[in-house]
Every structure is written in structure tokens, then in C-alpha cells.
Amino acid sequence: MKNIPFTSALFLMVLLSFMLGCQSSSKEASNTDTQSIAYNEGLQIVDQNCISCHSPNANRNNRIAPPLFAVKNHYLESDRDQEPFIQSMSSFLSSPKIETSKMPRAIEKFGLMPNLGLSEEQYIAVATYLYQSNLDKPDWYEAHHLKERDLLMKNSTPGTENYLKKGMSLAQSTKAVLGKNLLTAIKTKGTDQALAFCNERAIALTDSMSNELNAKIKRVSDQNRNPENQANADELAYIAQAKEDISSSGKASPQMQEIGDKMVGYYPIMTNNMCLQCHGNPASDIDSKTLSMINSRYPNDKATGYSADQLRGIWVIEMDK
């Protein structure tokens, strides 16, 4: 076999590298073109189908769905990279379900979004657009979150801020689990039959979350339905103060206390329109079947007569120091 001259070998190497580079560039260009097509298609779908409900210009108090900026931020909390974000988002859009939602609080407030009846490729296009686009932030968004942060810190003292934040996270995680289960029960069985979930499963699920999250978690109220949810003296004192704050300023701040070797956080639970199906005015908000079920399961019930945006009770989160 003849030896190939050095200059010829070098030429062959350069030629091979160029060919491979062209193939790689071609693939990258193809991927870029595909994403560009998906982005543009997603933009059109959002403009035609989504922005009317998820507009960044809607008034914070009168909007009918969360702004797209907020939706994207919630998904980015668990899926920072593009591929899992698109997978997660498009999967939910193709089959909206309470149990797979990343925004249970939004579902409580606005209800579950409808299925838009689009193709899988179109849902992927929407998710691609949302991930890649710099979405408009509502004017009220920053002020709202700064206010929430200020409320969280209002009743904290040096050394308790981290506990207050951790407790809030634990309360929200537990609320999400309970909320998804309750909404599923209402959707599949109706409000009256969903009471069985509250009666039989809510405390058990809360206890399960306590074990999972390594903290003692409970819900209590001064107007309890289940006797096991009756607030004690310390909790009643916080509830009374929270009601005063809501009456004067419209908001109640969480609070952290040091009790023995534990840090105990109190976090308000406010009513929304969905709550009124079971906790509203018996004459106007609660249907007869549901009211009959309440009277049957909770003969000493104190938890009706609420209107929206009232203090229903509190989360109590007990953590080790």
C-alpha cells in the first residue's frame, strides 16, 4: 500500500472536516427553522385564542384568567430548560386536568381552562412561543409581589424570616394537594358528594403532607366545621388580629412565633367564590343537597355565612428550630 503524501492527507482531513461541519450546520439550521416556524405559529394561536382571557392589560381585580407572564413563571419554577417546559406545557394544554395543573390557586379563582381543540403540534407551538417570547408583564404584577413579600415579612423578627418563608412554602404545597383533590371531587361527583372528601380524607391528606414535608401541618378556624379543626387560644389570638388587619387594610400578614423548641407559623386562608358552595350563605349560596349533607355529617357546623375574601381559617405550620 502506497504512503499518502502529507499534503494530500492534510487536504483530505480539511475536506472531511468541512463536509461534517456543513452537515452539522445544516442540522442546526433545520432545527432553527423548525423552532422559528413553531414560534410564529404559536404567536398566531395565542393572539387568536389566548390573549383575550390571559391579557397583561386586564385589571388585577377583574381579570378572568392569570396573565401569560404569570403562567410562564409558574412553569419555569419546575421546568427551566426549553424541552421539559414545552413538554409539560403542551401536555397540560392538550388535556387540562386539575391533578396535573401547576397553578391550583388560579384554578380555585378562575376555574379550569377549557380544551381548545387544537392539534398536538399546535399545542407544542404555543408552548414554544411562551418559552421563547419576552411576554409583557402587567403593570400591577411587580407591586403585587412586592406587597406579598412585605406582608410575609411584616410580622417576622430577626432570625425568623427563613422560617416564615419555609412555612409559607409548606402551606402552599399542602394547599395545592388538598385543592387538586377537592376540585377533582367537585368536578367528578358534585359539590354535595365532595363533602365526603373533606369529611374523610382532608385531615388524612394533611397528615400525610406533614410526614412528607417533615413538619406538623394543620388547618384551624374560629368557625370550624370539623371539631378537629378548632383553633386553640394562641391560634384564636392570631385569627382575631388577622381579622382586624383585613378590616383596616384588606390584608392579613403571616406570623411566626417561637414556642419552646419549635417555630410555629400562622398563615391566613381566605375565601373565594368556590368556597361559598359549601361555606357561603345557606339561603343563597349553598344548594339544598349540599346543605343537607353538611347538616348530616356536621351537626354542630359553624362554617357557613361567609362571603368572598373573608378569613376562613389559618394554616398552622410547626417546624423544628
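Treat the numbers as computed from the prediction; the structure is a model and nothing was measured. (Residues numbered from 1 in each chain as written. Predicted model: local features only at pLDDT ≥ 70, side-chain atom pairs only at ≥ 80, totals over all residues. Heavy atoms only, no water.)

K.L.:
Honestly, the packing of helix α3 (residues 82–94) against helix α5 (residues 120–132) in this entry has me stumped. Any pointers?
P.N.:
Helices that pack against each other are described as a pair by the angle of their axes relative to one another and the distance between those axes. The N-to-C vectors of α3 and α5 enclose an angle of 130°; their axes lie 8 Å apart at closest approach. The orientation of α3 with respect to α5, classified from their angle, is oblique. Both α3 and α5 take part in a crossing whose hand is right-handed. When α3 is examined against α5, the residues Gln 82, Phe 85, Ile 86, Met 89, Ser 90, Leu 93 and Ser 94 are found in contact with a partner set consisting of Tyr 123, Ile 124, Val 126, Ala 127, Thr 128, Leu 130, Tyr 131 and Gln 132. Class assignment for the residues of the contact of α3 with α5 results in 10 nonpolar, 5 polar and no charged. (Axes fitted to C-alpha atoms, helices over the stretch in contact; angles between N-to-C directions. Helix = DSSP H or I, 4+ residues; strand = E, 2+ residues; numbered from the N terminus. Parallel < 35°, antiparallel > 145°, perpendicular 65-115°, else oblique. Left-handed = near helix turned anticlockwise from the far one by under 90°. Contact = heavy atoms within 4.5 Å. Nonpolar A, V, L, I, M, F, W, Y, C, P; charged D, E, K, R; others polar.)

K.L.:
Help me out: how do you make sense of empty space enclosed by the protein in this one?
P.N.:
To find leftover empty space, a probe the size of one water molecule is rolled over the atoms. Taken as a whole and judged by the stated rule, the model has 1 cavity of 30 Å³ or more. Within this model, the largest cavity holds a volume of roughly 730 Å³. Lining the largest cavity are 32 residues; nearest its centre among them are Leu 182, Cys 198, Arg 219, His 279 and Arg 312. Listing elements by their share of the lining of the largest cavity, those giving two or more residues are α7 (161–189), α8 (191–200), α9 (202–213), β1 (216–220), β3 (262–270), α11 (276–279) and β4 (311–320). (1 Å grid on protein atoms, 1.4 Å probe; cavity = no way out; pocket = protein on both sides within 12 Å on 5 of 7 lines; lining within 4 Å. Points joined across faces, edges and corners; volume = space filled by probe spheres on them.)

K.L.:
In this structure, what is going on with the nonpolar core? I would like to understand it.
P.N.:
Nonpolar side chains tend toward joint burial in soluble globular proteins. Val 46, Tyr 75, Phe 85, Met 89, Val 126, Leu 130 and Leu 135 are the most contacted members of the largest nonpolar core, which has 24 residues in total. Among the secondary structure elements, those contributing two or more residues to this core are α1 (6–54), α2 (68–78), α3 and α5. For this core, the leading source of residues is α2, giving 6 residues. Leave out the neighbours within four places in its chain, and Met 89 touches Val 71, Tyr 75, Ala 127 and Leu 130. Listed in part, the 17 residues of the second largest apolar core include Ala 171, Leu 178, Ala 185 and Ala 215. (Core = buried A, V, L, I, M, F, W, Y, C linked by side-chain atoms within 4.5 Å. Buried < 20%, exposed > 50% of the residue type's maximum accessible area, 1.4 Å probe, protein only.)

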